[in-house]
Amino acid sequence: MDFETIKARDDRYVMHTYARFPVDIDHGENATLWSADGKEYIDFTSGIGVDSVGCADPRWVAAVAAQAAKVGHMSNLFYTQPCGELAETLCKRTGYGKVFFGNSGAEANEAAIKLARKYSFDKYGAGRDKIVTLVNSFHGRT
């Protein structure tokens, strides 16, 4: 499928909530991306902070395929071995005592607010529970 066809379908069915570049990405390997017509790009976006490991890393592909063959997604209402393993690894590497896993920026913002309020209460006591935000600024896609 060529770029114009890809773009036309996108324009028809995807809500335009942000500007896009006139580039279609078909596939990638490490930090190199290719459009459907074979043009090569270097990926400096890291998935806008979502995946900074590049594309199609063989170890990542194998790990995702192996996990997808077992359970693709499981609610945090239940326990899973990978969740505890990742939490332990992150705590040991960072020196933090616990981690929070969320599914969205909204959950991350909610957790950050709750943790900031708890820290302030524990360190300074009651009365320091206000969160300051800016009008017409970007606080994530919430």
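Here is a short report on the structure shown in this document.

About the cut-offs
Residues numbered from 1 in each chain as written. Predicted model: local features only at pLDDT ≥ 70, side-chain atom pairs only at ≥ 80, totals over all residues. Heavy atoms only, no water. 1 Å grid on protein atoms, 1.4 Å probe; cavity = no way out; pocket = protein on both sides within 12 Å on 5 of 7 lines; lining within 4 Å. Points joined across faces, edges and corners; volume = space filled by probe spheres on them. Nonpolar A, V, L, I, M, F, W, Y, C, P; charged D, E, K, R; others polar. Helix = DSSP H or I, 4+ residues; strand = E, 2+ residues; numbered from the N terminus.

**Side note on empty space enclosed by the protein**
Thinking step 1. One pass over the structure, following the stated rule, counts 1 cavity of 30 Å³ or more.
Thinking step 2. Considered as a void within the structure, the largest cavity measures approximately 40 Å³ in volume.
Thinking step 3. Taken together, Asp10, Val14, Met15, His16, Thr17, Tyr18 and Arg20 make up the lining of the largest cavity.
Thinking step 4. Of the residues contributing to the lining of the largest cavity, the split by class is 3 nonpolar, 2 polar and 2 charged.

**Some words on the layout of surface pockets**
Thinking step 1. The calculated volume of the largest pocket comes to roughly 1,100 Å³.
Thinking step 2. Broken down by secondary-structure element, the contributors of at least two residues to the lining of the largest pocket are helix H3 (58-68) and helix H4 (81-94).
Thinking step 3. Top element by residues in the lining of the largest pocket is H3. It accounts for 6 residues.
Thinking step 4. A class-by-class count of the residues in the lining of the largest pocket yields 14 nonpolar, 9 polar and 4 charged.
Thinking step 5. Considering only enclosed or pocket space, the second largest pocket measures out at about 970 Å³ in volume.
Thinking step 6. Arg20, Phe21, Val23, Asp24 and Ile25 are the residues nearest the centre of the second largest pocket, which is lined by 25 residues in total.
Thinking step 7. Put simply, the parts of the chain that give the lining of the second largest pocket at least two residues each are helix H1 (3-13) and strand E3 (40-42).
Thinking step 8. The leading source of residues in the lining of the second largest pocket is H1, at 5 residues.
Thinking step 9. Grouping the constituent residues of the lining of the second largest pocket by class yields 15 nonpolar, 2 polar and 8 charged.

**Here's the deal with the environment of Thr5**
Thinking step 1. Within the fold, Thr5 resides in helix H1.
Thinking step 2. It is 59 Å that separates the C-alpha atoms of Thr5 and Ala126, two residues lying 121 residues apart in sequence.

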